[in-house]
Amino acid sequence: MKKNKLFALFLLCLLPVSLFAYQMFVDIPESSDVRKTLIDDWFLANLDLLRGKSAEVLQDRAGSTFQVRFEEYGNECAIIVAPEVMEKVESYTDAGVQTFYRSVFPQGARGSWTLYRDNVTGKPTCIRYYISQNPEVFVQFKPYSLSARESIKTSADFVIFGTYAAKGVPVGVPLEYFYDLSFNDVYKLTEKTLPWLEQVFYPELYEDSIQMIAVIRSNLSRFHELDGAAYDEAGNPVFIKDSVARYESYSQEEDKPLYTCDAGFVKWIVDGLIRPISGSGLLLDPLKKDTVFPNETGYAYSKNEEYDIFFSLNWIRNIATAAASVFSNHQYVFETSGVEVKNVPFNSIYSETAGYEITALKPLMYTLAVTEPGRFYLGAIRHTVKSAEGQEVSVYTECAAFFPVLDKEGRFALIIFENGKELSFSDFVKAHENDTVHLTRITSSANFFPR
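Calculation rules
- Residues numbered from 1 in each chain as written.
- Predicted model: local features only at pLDDT ≥ 70, side-chain atom pairs only at ≥ 80, totals over all residues.
- Heavy atoms only, no water.
- Axes fitted to C-alpha atoms, helices over the stretch in contact; angles between N-to-C directions.
- Helix = DSSP H or I, 4+ residues; strand = E, 2+ residues; numbered from the N terminus.
- Parallel < 35°, antiparallel > 145°, perpendicular 65-115°, else oblique.
- Contact = heavy atoms within 4.5 Å.
- Nonpolar A, V, L, I, M, F, W, Y, C, P; charged D, E, K, R; others polar.
- Expected span 1.5 Å × (residues − 1).
- Bend = angle between axes of the 7 residues up to and from the residue.
- Buried < 20%, exposed > 50% of the residue type's maximum accessible area, 1.4 Å probe, protein only.
- pLDDT = per-residue confidence, 0-100.
- Pairing = 2+ DSSP bridges.
- Core = buried A, V, L, I, M, F, W, Y, C linked by side-chain atoms within 4.5 Å.
- Left-handed = near helix turned anticlockwise from the far one by under 90°.
- Patch = residues over 30% accessible without salt bridge, like charges linked within 9 Å, V, L, I, M, F, W, Y side chains within 5 Å.
- Areas by Shrake-Rupley, 256 points an atom, 1.4 Å probe, with all protein chains shown as cover.
- Salt bridge = Lys/Arg side-chain N within 4 Å of Asp/Glu carboxyl O.

### With respect to the packing of helix 8 (residues 262-278) against helix 11 (residues 311-328)
Here's step 1: It is at 10 Å that the axes of helix 8 and helix 11 come closest, and there the two elements cross at 10 degrees. Looking at the two axes, helix 8 sits roughly parallel to helix 11. Along its contact with helix 8, which presents Ala-263, Val-266, Lys-267, Val-270, Leu-273, Ile-274 and Ile-277, the element helix 11 presents Phe-311, Trp-315, Ile-319, Ala-323, Val-326 and Phe-327.
Here's step 2: Grouping the constituent residues of the contact of helix 8 with helix 11 by class yields 12 nonpolar, no polar and 1 charged.

This is the structure:
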């Protein structure tokens with residue numbers, strides 16, 4: 001398995017991006033031949049005729065099966081060309097669990113194609129190509145014109161979990177051109193204008209992250225929240241602020257409890273990676289080193305000593321830099337370490353001072369899972385408090401760990417750990433809906449043995 005992983009990494013380094021993108025569609029159900037036969041009877045047909053039309057199942061020359069059907073949604077209707085998917089079904093009977101498979105045609109399946117039309121005029125409004133195992137990831141094309149005298153043009157959007165990686169990118173062909181255009185030809189038409197993300201998919205590249213997730217989950221019941229608490233490089237219980245020792249007691253019959261704050265919890269995770277290599281965990285004092293230097297005449301500088309405004313931001317930056325140094329056996333400093341996450345195709349959701357919007361984490365993490373397989377991320381959460389004078393102060397006092405992974409079928413999952421607990425994405429957003437987050441990256445490893 002290790003050889004397979006190294007071979008996959010070798011290919012990722014050597015193969016050109018254009019080959020990656022071509023390979024992306026090698027195993028996709030391709031409906032272009034089927035769609036050529038549907039243009040007159042389905043794509044251009046009168047809506048009243050379509051409303052009385054039953055779904056049809058067709059096969060292409062290669063024997064692949066697709067279904068075409070008509071559906072209505074309020075002001076729009078859709079003509080869906082979906083590939084056959086064999087869905088696993090478990091039936092519970094007196095004889096036990098019986099497993100069988102049934103044929104379904106999901107609209108959002110990888111390889112699905114949908115034409116949207118206005119429900120009154122019948123005019124085409126959008127064509128969508130589903131390119132991923134995740135139905136929330138797709139490319140779509142829409143007609144537009146800048147003035148009444150101009151001919152209708154087409155624009156392209158690249159959508160990832162509700163966020164536009166690209167929006168309104170001009171495409172020099174009419175919308176009808178996409179009625180029978182293949183997935184590969186869509187890529188060739190837009191390869192220089194859309195941020196195509198998916199590459200050759202190697203499930204092995206996510207195994208280390210998945211193993212780390214399992215180990216962390218198995219330890220969560222041991223954690224108890226204690227403000228300012230962590231473990232030093234030797235595993236001794238201390239307080240982060242001054243490294244003063246804490247006393248802990250537990251019975252021999254129970255698993256050793258762990259008392260940490262959110263910062264101590266993410267250190268515990270990274271110590272589990274560092275200790276097998278260096279023989280000890282991370283030293284505490286270097287993790288508190290300043291990485292932000294506010295203007296001495298500004299309000300933030302005057303309040304920094306009172307609030308330690310940049311605590312968790314300094315913490316995750318220094319932890320990630322220390323981890324990179326141990327992994328590479330090279331002494332890095334934060335400024336040149338490359339551990340901070342900045343370069344992603346969502347410029348509108350990133351701010352140099354505030355970081356990323358919390359609600360944008362899911363599309364961002366999907367992008368990172370695809371482009372940086374085998375990594376996890378620490379986040380410093382920025383929120384606003386009111387000072388004694390009534391002025392608002394932005395502070396970094398909390399942090400969390402994010403593990404974006406793809407399973408063996410390519411389906412995306414975002415695992416979030418904060419303060420000794422696992423949170424769903426919706427619960428994390430609810431807890432931090434008005435906050436933002438800075439991120440640093442760390443390489444996952446199966447050589448993970450936390451205390």
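### Regarding helix 8
Here's step 1: Compared with the 24 Å implied by 1.5 Å per residue over 17 residues, the 24 Å span of helix 8 between its first and last C-alpha is a close match.
Here's step 2: The largest bend in helix 8 comes to about 35 degrees, at Asp-271.
Here's step 3: Here helix 8 lies mainly inside the structure; 14 of its 17 residues are buried.
Here's step 4: Phi turns positive, to about 90 degrees, at Gly-279, one or two residues after helix 8.

### A word on the confidence of the model for the chain
Here's step 1: When pLDDT is averaged along the chain, the result is 87; 86% of the residues meet or exceed 70.
Here's step 2: This model gives residues 6-23 a pLDDT under 50, and the stretch forms 16 contacts once residues within four places in sequence are excluded.

### Topic: the sheet that holds strand 7 (residues 124-130)
Here's step 1: Within the open sheet, the 8 strands sit side by side as 1-2-3-6-7-8-9-10. Their pairing is antiparallel. Strand pairing shows two members of the sheet lacking a second neighbour, strand 1 (56-59) and strand 10 (163-171), which therefore form its edges. Averaged over all neighbouring strand pairs, the angle between strand axes comes to 20 degrees, with direction disregarded.
Here's step 2: Across 6 bridges, strand 9 (residues 153-160) lies against strand 10 in antiparallel orientation. By the bridge assignment for strand 10, Ser-155 is matched with Pro-170.
Here's step 3: Together, strand 7, strand 8 (137-144) and strand 10 form the strand contacts of helix 6 (residues 183-190), whose direction differs from that of strand 7 by roughly 105 degrees.

### Details of helix 11
Here's step 1: Over its 18 residues, helix 11 extends 26 Å from the first C-alpha to the last, a length consistent with the 26 Å expected when each residue adds 1.5 Å.
Here's step 2: With 14 of its 18 residues buried, helix 11 lies for the most part within the structure.
Here's step 3: Two residues or fewer past helix 11, Asn-329 is found with a positive phi of approximately 60 degrees.

### Regarding the pairing of strand 1
Here's step 1: Direction of pairing for strand 1 relative to strand 2 (residues 65-73): antiparallel, over a ladder of 4 bridges. Bridged to Glu-56 within strand 2 is Val-68.

### A look at the nonpolar core
Buried together is how nonpolar side chains tend to be arranged in soluble globular proteins.
Here's step 1: Of all hydrophobic cores here, the largest spans 118 residues; its most connected members are Tyr-129, Phe-158, Phe-178, Trp-315, Leu-361, Phe-402 and Leu-439.
Here's step 2: Among the elements that take part in this core, strand 18 (residues 392-406) stands out by supplying 10 residues, more than any other.
Here's step 3: Dropping the residues within four chain positions of it, Phe-402 is found in contact with Leu-361, Met-365, Phe-376, Tyr-377, Gly-379, Leu-414, Ile-415, Ile-416, Phe-428 and Leu-439.
Here's step 4: In terms of nonpolar packing, the next biggest core, distinct from the first, is built from 9 residues, Tyr-116, Tyr-130, Phe-138 and Val-159 among them.

### Quick notes on the environment of Lys-153
Here's step 1: Structurally, the position occupied by Lys-153 is in strand 9.
Here's step 2: According to the relative accessible area criterion, Lys-153 is partly exposed, its value standing at 35%.
Here's step 3: As for Lys-153 and Leu-175, which are separated by 22 residues in sequence, their C-alpha atoms are 7.5 Å apart.
Here's step 4: Ignoring any residue separated from it by four or fewer positions in sequence, one finds Lys-153 in contact with Lys-142, Pro-143 and Tyr-144.

### Points about the packing of helix 7 (residues 207-219) against helix 8
Here's step 1: Remark: helix 7 packs on helix 8, axes separated minimally by 12 Å, with the N-to-C direction vectors making an angle of 130 degrees. Between helix 7 and helix 8, the interaxial angle falls into the category oblique. For helix 7 against helix 8, the interelement crossing comes out right-handed. Counted together, Met-212, Ile-216 and Asn-219 of helix 7 and Phe-265, Trp-268, Ile-269 and Leu-273 of helix 8 form the full contact between these two elements.

### As for a nonpolar patch on the surface
Here's step 1: A contiguous nonpolar surface patch, about 210 Å² in accessible area, is contributed by Leu-226, Phe-239 and Val-244.
Here's step 2: Looking at where Leu-226 falls in the secondary structure, it is placed in the loop between strand 11 (223-225) and strand 12 (229-231).

### Observations concerning unusual backbone geometry
Here's step 1: Positive phi outside glycine occurs at Asn-329, with the angle close to 60 degrees.
Here's step 2: For Asn-329, the position within the fold is in the loop between helix 11 and helix 12 (334-337).
Here's step 3: For Asn-419, which is not glycine, the phi dihedral falls at a positive 55 degrees.
Here's step 4: With respect to the element layout, Asn-419 can be found in the loop between strand 19 (412-418) and strand 20 (421-423).
Here's step 5: Residue Asn-419 is classed as buried on the basis of its relative accessible area, which comes to 18%.

### Considering the pairing of strand 6 (residues 113-118)
Along any regular strand, the residues point their side chains to alternate faces of the sheet.
Here's step 1: With 5 of its 6 residues buried, strand 6 lies for the most part within the structure.
Here's step 2: Pairing analysis gives 6 bridges linking strand 3 (residues 76-83) to strand 6, with the strands arranged antiparallel. Residue pairing for strand 6: Val-81 is matched across the bridge by Trp-113.
Here's step 3: Here strand 6 pairs with strand 7 via 5 bridges, running antiparallel.

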